Amino acid sequence: MAENAAATTEAAYASGGEYVQHHLGFLTYGKHPDGHWGLAHTQEEANDMGFWSIHVDTMGFSLVLGALFLALFMKVGRNINAGVPGGLQNAVELLVEFVQSSVKSSYSGHSPFIAPLALSIFCWILLMNLMDLVPVDLIPLAAQALAGNPHLSFKAVPTTDLNITFGLSLSVFILILVYSVRCKGLGGFLGELAFHPFGKYAMPFNLVMELPAFLAKPVSLALRLFGNLFAGELIFLVIALLGYWQFPLHFVWAVFHLLVIPLQAYLFMMLTIVYLNQASQHH
Amino acid sequence: MNLNATIIGQIFAFFLFVWFCQKYVWPPIIATLEARQKKIADGLDAADRAGRDLEQAQQRAADLLKEAKANSAGIIDQANKRASQILEEAKDKAREEGNRIKAGAQAEIDQQVNQAREHLRQQVATLAVAGAEKILERSVDQNAHTDLLQKLAASL
């Protein structure tokens, strides 16, 4: 497959830069400037579609992987027994217990929503990140063959799409707002932003200090996940340009990346728990 | 890198998945885990209790054994005492019985002796009469001399 990729690389792309550029594009669906809806054929067309377009590839994989996670866990949950667990049930229980202990250690209040939330985040992001270990050309080539278009852009790793990571972090941000208002009341929440840390006479100064810190939460969440995975993907792409040297290098980078993948999923989950804990606590 | 409606799609997907997970995926798994934890805790508890029970039972068994030993020692003591008592009683009885038999025998002997003496006395009387007859060559009127003869026999 890698050899195939190398051949494709030489045939289809004038330069390595173009190869990388092409692999960073998305399969975009939206409204063309002339008014009809459809897939963008080039990156320029995709850019022209503006906000009301959607990345079919990353969105699709995100949905499929999320559904895969839910289906898998639900199947195990259906046939679960309290006796000696075996096989898949063991793995699922391990994950659930791991998530639950993380929540218990970091979330001081009692909310039955936090643990399933953390589990969903961890497993979903983990699965999306794991797509990074699929050889970089495999899925795009399959998509190109299916579509019959050798210049089709197709991105299989959802977490290398800023939209997906921002979608996740903004959802968490919405939850932070909901929890803050629910636990402290709207006044309490706004008061915390306005009258902290220097009392009410320094309100503008307080706001200048607190608001960026507050707004930085979703941004840092999204950018951390995106940055790590995007960089990993980029390195895979660059390695793929190296001819036969790519075999050992791919292996080395994949092993290294194997650390990053669960770590980033774990970080996202833990930070979500910590942020929600802050949101539901009075100072 | 465009930001576009994928964000909104992802947010919808996020809440849908999290809601689904919270509603249908999490509860059965966590219920089972808690059930198993409870089962294990109960099991450990039961094992603890059984250990304590065993200790108590051993203690009680040891106590019972000690008590039984003390009892049996008492019983053996008593039995020994009773045995020697019975032996003593039996000896006494035997001695008494022996004395009684001896006394009976003595009485019989005495009686026999008296009878023999009586008999002998009568024989002596008859013999004396016969001797006297022989000596006197004539019959002595027995009736006339009965008192005399009887006096003679009594003096024997």
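A word on the overall build of chain A. Within chain A, the regular secondary structure consists of ten helices and three strands. Reading the helices (α) and strands (β) of chain A from amino to carboxyl end gives α-α-β-β-α-β-α-α-α-α-α-α-α. Expressed as lengths along the three principal axes of its C-alpha atoms, the size of chain A is roughly 65 × 55 × 40 Å. Restricting the contact set of chain A to residue pairs at least 6 apart, pairs at least 24 apart contribute 70%. In chain A, which carries 10 positive and 16 negative side-chain charges, the distance between the mean positions of the two groups comes to 22 Å.

Let us look at the confidence of the model for chain A. All names here are of chain A. Residue-level pLDDT values for chain A average 87, and 95% of them are 70 or greater. Within chain A, the lowest mean pLDDT, 47, falls on helix α1 (residues 2-12), and the highest, 95, falls on helix α6 (residues 114-130). A low-confidence stretch, residues 1-10 stays under pLDDT 50, and its non-local contacts, those more than four residues away or across chains, total twelve contacts.

What follows covers the state of the cysteines. Applying the stated rule across the entire model yields zero disulfides over all chains. We note that Cys123 of chain A lacks a disulfide partner, and the nearest cysteine sulfur, in Cys21 of chain B, lies 7.8 Å from it. With a relative accessible area of 5%, Cys123 of chain A lands in the buried category. Look at Cys21 of chain B and you get buried, because its relative accessible area is 0%.

All right, on to the pairing of strand β1 (residues 28-31) of chain A then. All names here are of chain A. As paired strands, β1 and strand β3 (residues 53-55) are joined by three bridges and run antiparallel to one another. Opposite Thr28, over in β3, you have His55 as the bridge partner. Pairing of β1 with strand β2 (residues 37-39) involves three bridges; the strand directions are antiparallel. Across the sheet, Gly30 pairs through a bridge with Gly38, a residue of β2. In sequence, β1 turns back onto β2 through a hairpin of five residues, with Gly35 there showing a positive phi of about 105°.

This part is about the interface of chain A and chain B. Facing 56 residues of chain A, the contacting portion of chain B comprises 32 residues. Across the chain A/chain B interface, buried area totals approximately 3,700 Å², and carbon plus sulfur atoms make up 75% of it. Taken together, the links from chain A to chain B amount to one salt bridge. With its nearest N and O atoms 2.7 Å apart, the salt bridge here joins Arg36 of chain B to Glu93 of chain A. Inspection of the chain A/chain B interface yields eight residue pairs in polar contact (both at pLDDT 80 or more). The set of elements that each furnish at least two residues to the side of chain A that touches chain B consists of α3 (43-48), β3, α4 (56-78), α5 (88-106), α6, α8 (162-194) and α9 (203-240) of chain A. Counted by class, the side of chain A that touches chain B contains 36 nonpolar, 17 polar and three charged residues.

Reading guide: rules and limits
Per chain, the residues get numbers from 1 upward, laid out in the order the sequence is written. The order in which chains are written sets their letters, starting at A; the order in which ligands are written sets their numbers, starting at 1. Local features in a predicted model are, by the rule used here, given only for residues with pLDDT of at least 70; side-chain atom pairs are given and counted only at 80 or more, and totals for whole chains, interfaces and linings are based on all residues. The basis for every side-chain value is the complete set of non-hydrogen atoms in the structure, without hydrogens or water. Helix and strand assignments come from DSSP, with helices taken as H or I runs of at least 4 residues and strands as E runs of at least 2, each series counted from the N terminus. Only heavy atoms matter for contacts: two residues are in contact if any of them lie within 4.5 Å across the pair. In this charge count, Lys and Arg are treated as positive and Asp and Glu as negative; neither His nor the chain ends contribute. Charge coordinates come from a single atom per side chain, which is NZ of Lys, CZ of Arg, CG of Asp or CD of Glu. Residue-level confidence of the predictor, termed pLDDT, takes values from 0 up to 100. Sulfur atoms of two cysteines make up a disulfide when they are within 2.5 Å. Exposure classes here rest on a 1.4 Å probe applied to the protein chains alone. A residue is buried below 20% of its type maximum, exposed above 50%, and partly exposed in between. Each pair of strands is called paired provided DSSP finds at least two bridges between the two strands. By buried area we mean how much accessible surface two parts lose on assembly, using a 1.4 Å probe and totalling the loss over both. Salt bridges are defined by distance alone: a side-chain nitrogen of Lys or Arg within 4 Å of a carboxyl oxygen of Asp or Glu. Counting of polar contacts relies on pairs of N or O atoms within 3.5 Å, with two restrictions inside protein: one atom must be capable of donating a hydrogen and the other of accepting it, and residues adjacent in sequence are counted only when both atoms are side-chain atoms. For this classification, the nonpolar set comprises Ala, Val, Leu, Ile, Met, Phe, Trp, Tyr, Cys and Pro, the charged set comprises Asp, Glu, Lys and Arg, and every other residue, Gly included, is treated as polar.

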